[in-house]
Amino acid sequence: AFNHHCQLEQLPTELLTRILSELDQATLGRCAQLNKQWRQLTAQPLLWRNSIRIRAQTIIDSPTPVNQLSYWTSFCSSASIQQLHFELCSSDAEYNRRSVQLLNTFLSNSPCLQALTIQGFDGMPTEEQNPLVVLGQSCSQLCTLKLIRFGRDLLTEESVTALNEGCLELVDLEFRQSVLAGPDSNPLPLPQLASLFSRLTRLNFLHEATFPLFLDEMVDGTSIRELVLNASDLCYDEHLHRLLSLAPYLTTLKLQFGEFTESHAGPLASGCPNLQSLVLKNVSLCMISATGFVELLNGCPKLRRLKISSHDELDSECYRKIVANLPSGIEDLKLPSFRKLRQPDLQSLLPRGLKRFELPIQELKHGCMRGLLVGLRPCSDLTNLNISDCDDKLLSDLLTLLPRLRRLRLTNCNRLSGKVWENLLKRGATQPLPELHEFAALKFSDASLNDEFVAKMCHTPVARGLRRLELSDCRSLTDAALVSIAGACPHLTDLKLSGRFFFKMVG
């Protein structure tokens, strides 16, 4: 047997390539940041055979665009590319024409393609074939299609028909940041699009005042299980009732922007018995009461995930009633801001199986957040926690209460000091403490975040397993803080320090 250690870099290139081929893209990216040799190793196209991202401008502006195009298209064909993200260049008409031409060439040479993202389609050149037609003719195995920032002229009767007839495996469709409004002389192919939508399992359609146009064209009993829409597209009761009759198997619903009102809550409660995930993002909550939330929650007994974000504040009664009526199986919960929350409100017991809880932006009187020590008492399996105001005693008690906590984010730490870590060191001798993987602490007071604070934190077991660390207001930190972090956190891959200076490490 050999009695000396072999450095990884000493292995033959062929063997290293074989080892790297077993890694995912994120890990390959980290390997590429080690040094020049590793960057060259990870740049081999063979390692990216399942997924590539191409910017049209990179090929068009290269010294040998013909050779570049020939290389990549032959690579797509021979390497059986399954995922392609193609970013078009539309700085002028000629660039746009050549970008579309490149995209069509890639599609016609990628018969094994399963997922495609097209980004930045500025317009359809008259002399080029519509990329969706080429897609339907060449990529019969396509399952996922994402169109980001595209114009209305991409969706024609011919192109959508080609998708319907040629991409029979397509089940996941996403339209984002696109322009579908246009003159009546160039109408959308509603029947063809409705037919396409009807056989999807996932649809992301974020276009205000557009989706209701398809409702009358679609047939009942679609396969849609996951739906992302503008809340404003469901502003009328008949729209929501029609949608729920179309999607009886709906398990995931995400509504963005617009208003979420009592008229939404009622139909969802009666028409979505299988709903498991409900996300309300950046919606207005002015027109819904605590009673509306209770009706919604009671009508969705299988709900596992509820995330609500809004610029509006709800009252404290809403918090108590939402928590009291949460389904027993809820695992992921994010709540918006509440007015005049008191400590007794936060003592409302949260569900036993809760694993992720976010209550990020609150303006509370000092000490009110301690009510969570009672509210979270049943949640021994909690792994993710995101809260606002935190002081030394609250943080010590939370870390003692939640032994399985892995991700902690504190958005207001102006009452936090180095004493918290001294308390934890004393408790760690007699009580198990969680080994955090991610820790973010924001909005410190001027004097509280210093080298001593960081050094004390790094001496606790809490810091030993950190993979990600984020601290803000680092005006008083020096190189000594970086030395403490480097010595105490061997697994750290992502470090972000902001304030007087900005430092970010990803590796």
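The rules we used
Residues numbered from 1 in each chain as written. Predicted model: local features only at pLDDT ≥ 70, side-chain atom pairs only at ≥ 80, totals over all residues. Heavy atoms only, no water. Helix = DSSP H or I, 4+ residues; strand = E, 2+ residues; numbered from the N terminus. Buried < 20%, exposed > 50% of the residue type's maximum accessible area, 1.4 Å probe, protein only. Contact = heavy atoms within 4.5 Å. 1 Å grid on protein atoms, 1.4 Å probe; cavity = no way out; pocket = protein on both sides within 12 Å on 5 of 7 lines; lining within 4 Å. Points joined across faces, edges and corners; volume = space filled by probe spheres on them. Nonpolar A, V, L, I, M, F, W, Y, C, P; charged D, E, K, R; others polar. Domains from an automatic or database assignment. Core = buried A, V, L, I, M, F, W, Y, C linked by side-chain atoms within 4.5 Å. Polar contact = N/O pair within 3.5 Å; in protein donor to acceptor, adjacent residues only side chain to side chain. Axes fitted to C-alpha atoms, helices over the stretch in contact; angles between N-to-C directions. Parallel < 35°, antiparallel > 145°, perpendicular 65-115°, else oblique. Left-handed = near helix turned anticlockwise from the far one by under 90°. Phe/Tyr/Trp six-rings, centres within 6.5 Å; stacked < 30°, edge-to-face > 60°. Pairing = 2+ DSSP bridges.

(A) Representation of the side chain of Thr411 in the model. Inspection of the secondary structure puts Thr411 in strand β16 (residues 407–415). Under the relative-accessibility criterion, Thr411 is labelled buried at 17%. When near neighbours in sequence (up to four residues on either side) are disregarded, Thr411 contacts Pro360, Asn386, Ile387, Ser388, Leu442 and Lys443.

(B) Region of interest: the layout of surface pockets. Roughly 340 Å³ of volume is contained in the largest pocket. In this structure, the largest pocket is lined by 18 residues; those nearest its centre are Arg407, Leu408, Arg409, Glu438 and Ala440. At the level of elements, β14 (356–359), β15 (384–391), β16, β17 (438–441), β18 (468–471) and β19 (494–497) are the ones that each hand at least two residues to the lining of the largest pocket. When its residues are assigned to classes, the lining of the largest pocket shows 5 nonpolar, 2 polar and 11 charged. Of the residues that make up the lining of the largest pocket, three or more belong to each of domain 2 (49–393) and domain 3 (394–506).

(C) View of the nonpolar core. By size, the foremost hydrophobic cluster in this structure holds 144 residues, and its most contacted members are Leu135, Phe197 and Phe357. Mapped onto the domain boundaries, this core takes at least three residues apiece from domain 2 (49–393) and domain 3 (394–506). With 7 residues, the next largest nonpolar core counts Cys31, Trp38, Leu41 and Leu47 among its residues.

(D) Quick look at the side chain of Thr222. Among the secondary structure elements, Thr222 is positioned in the loop between α10 (212–215) and β7 (226–230). Overall, Thr222 belongs to the buried group, its relative accessible area being 1%. Of the polar contacts made by the side chain of Thr222, one reaches the backbone oxygen of Leu246; its length is 2.5 Å. Non-local contacts of Thr222, meaning those with residues more than four positions away in its chain, are made with Ser198, Leu246, Ala247, Pro248 and Tyr249.

(E) Inspection of the packing of helix α12 (residues 262–271) against helix α13 (residues 290–298) at higher detail. Between α12 and α13, the shortest axis-to-axis distance is 8 Å and the interhelical angle comes to 20°. Taken together, α12 and α13 sit at an angle that is classed as roughly parallel. Handedness of the α12/α13 crossing: left-handed. Contacts between α12 and α13 involve Glu262, Ala265, Gly266, Leu268 and Ala269 from the former and Gly292, Glu295 and Leu296 from the latter. Tallied by class, the residues present in the contact of α12 with α13 amount to 4 nonpolar, 2 polar and 2 charged.

(F) Spatial organisation of empty space enclosed by the protein. Here the structure, examined in full by the defined rule, presents 1 cavity of 30 Å³ or more. Reported here for the largest cavity is a volume of approximately 70 Å³. Leu364, Lys365, His366, Gly367, Cys368, Met369, Arg370, Asp389, Cys390, Asp391, Leu394 and Arg415 together form the lining of the largest cavity. With 3 residues, β15 is the single largest residue contributor to the lining of the largest cavity. Looking at side-chain class alone, the lining of the largest cavity contains 5 nonpolar, 2 polar and 5 charged residues.

(G) Region of interest: the packing of aromatic side chains. This model, assessed by the stated rule, comprises 9 aromatic pairs. Taking the centre distance of 5.3 Å and the plane angle of 85° together, the rings of Tyr319 and Phe338 count as edge-to-face. One end of the pair, Tyr319, is in helix α14 (residues 316–324); the other, Phe338, is in strand β13 (residues 338–339), with 19 residues separating them in the sequence. When its relative accessible area of 0% is taken as the criterion, Tyr319 is described as buried. For Phe338, a relative accessible area of 2% gives the class buried. Put simply, the rings of Phe150, Phe175, Phe197 and Phe205 pair up and form one aromatic cluster.

(H) Molecular detail of the packing of helix α7 (residues 131–138) against helix α8 (residues 157–166). Where α7 meets α8, the closest approach of the two axes is 8 Å, and the angle between their N-to-C directions is 15°. It follows that α7 is roughly parallel to α8 by the angle criterion. Judged by the twist between their axes, the crossing of α7 over α8 is left-handed. In this structure, α7 uses Leu132, Val133, Leu135 and Gly136 to contact α8, whose residues at the interface are Glu158, Ser159, Ala162, Leu163 and Gly166. Broken down by class, the residue content of the contact of α7 with α8 amounts to 5 nonpolar, 3 polar and 1 charged.

(I) Representation of the pairing of strand β10 (residues 305–308) within the structure. Note: strand β9 (residues 277–281) against β10, 4 bridges, orientation parallel. Bridged to Leu278 within β10 is Leu306. In this sheet, strand β12 (residues 332–334) lies alongside β10 in parallel orientation, the contact comprising 3 bridges. Its bridge partner being in β12, Lys307 is matched across the sheet by Lys334.

(J) Focus on unusual backbone geometry. For Phe257, which is not glycine, the phi torsion reads 65° and is therefore positive. Relative to the assigned elements, Phe257 resides in the loop between β8 (252–256) and α12. Given the relative accessible area of 39%, Phe257 is considered partly exposed. In this model, Asn282 sits at a positive phi of 55°, which is unusual for a non-glycine residue. Mapped onto the elements, Asn282 comes out in the loop between β9 and α13.

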